[in-house]
Amino acid sequence: MKTLARLWWLCAGLACSAGLWAQDYPVKSIHVIVPMQAGSAGDTIARIVARKISADLGQPLVIENITGAAGLIGTERLARAPADGYTIGAMGDSMLTLLPHLQSQVHYDPLGDFAPVSLVASITSVLVVHPAVPATSIEQLVAFAKSRPESLDFASGGMGSQQHVAMELFSSATGVHLHHVPFRGPAQAVMEVVSGRIPVMFVALSIAQPFILDGKLRAIAVASKGRSALLPAVPTVAEAGLPGFVFTPWVAIYAPRGAPRAVIELLNRETAAAVGDPDIHARLLALGLEPAASTPAELGRRTGEDFARMGKLIKANGIKGE
């Protein structure tokens with residue numbers, strides 16, 4: 001009986017300490033790993049939302065862009081970070097649902113090493129070409145690609161990136177031969193298309209929009225389910241002749257596995273509040289981003305479902321990584 005009593009008091013003490021600790025959190029700045037290039041859609045989303053969360057929590061959210069290997073390096077860093085709530089990550093879905101199927105050197109478990117916090121936003125992808133390309137539609141672009149004796153080059157933000165996989169799916173759906181030219185991030189890749197050195201790519205509308213408006217890029221189609229309010233005259237890929245073609249990347253907040261449940265719940269509430277803030281909501285929409293928060297459980301299910309779905313797509317379409 002004495003032993004049971006001691007155990008009861010020990011458990012009660014630990015629960016009380018955990019509760020007090022959670023109430024005090026955060027007492028210092030929170031490190032936010034963003035495994036994406038500065039200026040990318042995911043980085044933009046992270047910075048807009050983090051600024052609001054920081055103001056509400058009264059502590060800085062310090063963003064660090066850890067790029068390389070299409071996000072593998074930063075994602076692995078998050079997986080190995082202390083699970084104390086003071087290191088979290090703003091992750092593009094490709095790090096957890098695409099790269100593990102394409103890269104041989106993935107040193108983390110995409111479904112086991114991370115604690116889901118909340119979805120933040122989905123990204124509208126747009127197929128763009130340099131204005132010198134003689135194509136204003138998917139049909140014309142396919143005809144142009146097939147008329148070339150060599151493969152048509154396309155740019156991406158890296159091997160296994162969202163831009164890479166979207167274009168490989170497009171290649172498989174249309175039967176055109178495309179040559180992948182990877183760069184260190186989508187912001188750098190899109191400049192290669194703007195310059196005319198690379199003719200075509202899929203890229204986030206938030207990155208491409210200024211160049212489309214300036215006439216430096218031509219938008220052929222968007223890869224979302226419906227047309228973008230920012231480009232109402234531009235058809236979806238499905239409308240343009242490829243039924244069922246939808247490619248909508250997303251960004252979400254994760255913590256390392258084992259982060260305290262109370263911290264996960266607090267960060268979830270703060271993320272949902274930030275995404276739901278009218279000003280934040282409007283700013284994201286204006287960039288061609290679709291704000292949408294979720295519960296941790298919902299994000300966990302989506303991660304697992306998209307991991308399985310993308311694995312099947314990659315295998316069925318013969319998409320290769322390294």
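Residues numbered from 1 in each chain as written. Predicted model: local features only at pLDDT ≥ 70, side-chain atom pairs only at ≥ 80, totals over all residues. Heavy atoms only, no water.

Draft legend 1. Structural view of the overall build of the chain. Looking only at helices and strands, the chain features 12 helices and 11 strands. When the backbone C-alpha atoms are referred to their principal axes, the chain occupies close to 85 × 40 × 30 Å. Of the contacts made within the chain by residues no fewer than 6 positions apart, 78% connect residues no fewer than 24 positions apart. A total of about 14100 Å² of accessible surface is found on the chain, and carbon and sulfur atoms cover 57% of it. Looking at the chain, you have 26 positive and 25 negative side-chain charges, and the mean spots of the two groups are 3 Å apart. (Helix = DSSP H or I, 4+ residues; strand = E, 2+ residues; numbered from the N terminus. Contact = heavy atoms within 4.5 Å. Areas by Shrake-Rupley, 256 points an atom, 1.4 Å probe, with all protein chains shown as cover. Lys, Arg positive; Asp, Glu negative; His and termini not counted. Charge placed at Lys NZ, Arg CZ, Asp CG, Glu CD.)

Draft legend 2. How the structure looks around the environment of His 179. Turning to its location among the elements, His 179 is positioned in strand E7 (residues 178-182). Along the sequence, His 179 and Met 167 sit 12 residues apart, while their C-alpha atoms lie 9.9 Å from each other. If near-sequence neighbours (up to four positions away) are discounted, His 179 is found in contact with Ser 151, Leu 152, Asp 153 and Phe 154.

Draft legend 3. Looking closely at the sheet that holds strand E10 (residues 250-256). Strands sit in the order E2-E1-E3-E10-E4-E11 across an open sheet of 6 strands; the sheet is mixed. Lying at the two open borders of the sheet, with one neighbouring strand each, are strand E2 (61-65) and strand E11 (289-291). Shown here is a sheet whose adjacent strand axes are inclined to one another by a mean of 30°, direction ignored. Relative to E10, strand E3 (residues 87-92) runs antiparallel, the two being bridged by 4 bridges. Each residue of the ladder has a partner; that of Gly 92, found in E10, is Val 251. Docked against the sheet, helix H10 (residues 261-276) engages E3, strand E4 (114-123), E10 and E11, running at close to 10° with respect to E4. (Pairing = 2+ DSSP bridges. Axes fitted to C-alpha atoms, helices over the stretch in contact; angles between N-to-C directions.)

Draft legend 4. Up close: the pattern of salt bridges. On inspection of all chains with the given rule, the structure shows 10 salt bridges. Notably, a salt bridge pairs Asp 43 with Arg 47, separated by 2.9 Å at the nearest N-O pair. Placement of the pair is Asp 43 and Arg 47 together in helix H2 (residues 41-57), with a separation of 4 residues, close to one helical turn. Take Asp 43: its relative accessible area is 3%, and that puts it in the buried class. By relative accessible area, Arg 47 is classed as partly exposed at 32%. When the shortest N-O distance is used, the salt bridge between Lys 52 and Asp 277 registers 3.8 Å. Taken together, the positions of Lys 52 in helix H2 and Asp 277 in the loop between H10 and helix H11 (278-286) put the pair 225 residues apart, joining distant regions of the chain. Under the relative-accessibility criterion, Lys 52 is labelled partly exposed at 24%. Bridged by salt links that share partners, the residues Lys 52, Asp 56 and Asp 277 form one connected network. (Salt bridge = Lys/Arg side-chain N within 4 Å of Asp/Glu carboxyl O. Buried < 20%, exposed > 50% of the residue type's maximum accessible area, 1.4 Å probe, protein only.)

Draft legend 5. Expanded view of the nonpolar core. With 76 residues, the main nonpolar core has Val 126, Leu 217 and Tyr 254 as its most contacted residues. Among residues more than four places away in sequence, those in contact with Leu 217 are Val 128, Val 129, Pro 131, Val 190, Val 193, Val 194, Ala 208, Phe 211 and Ile 212. Val 142, Met 167, Phe 202 and Val 237 belong to the second-largest nonpolar core, a separate cluster that totals 32 residues. (Core = buried A, V, L, I, M, F, W, Y, C linked by side-chain atoms within 4.5 Å.)

Draft legend 6. Main features of the pairing of E3. A large share of E3 lies buried, amounting to 6 of its 6 residues. Pairing of strand E1 (residues 30-34) with E3, which is carried by 3 bridges, proceeds in the parallel orientation. Pairing of Val 32 across the sheet is with Ile 88, part of E3.

Draft legend 7. How the structure looks around the side chain of Thr 87. In this structure, Thr 87 sits in strand E3. Not counting the four nearest positions on each side in its chain, Thr 87 is found in contact with His 31, Ile 33, Leu 78, Ala 81, Pro 82, Ala 255 and Pro 256.

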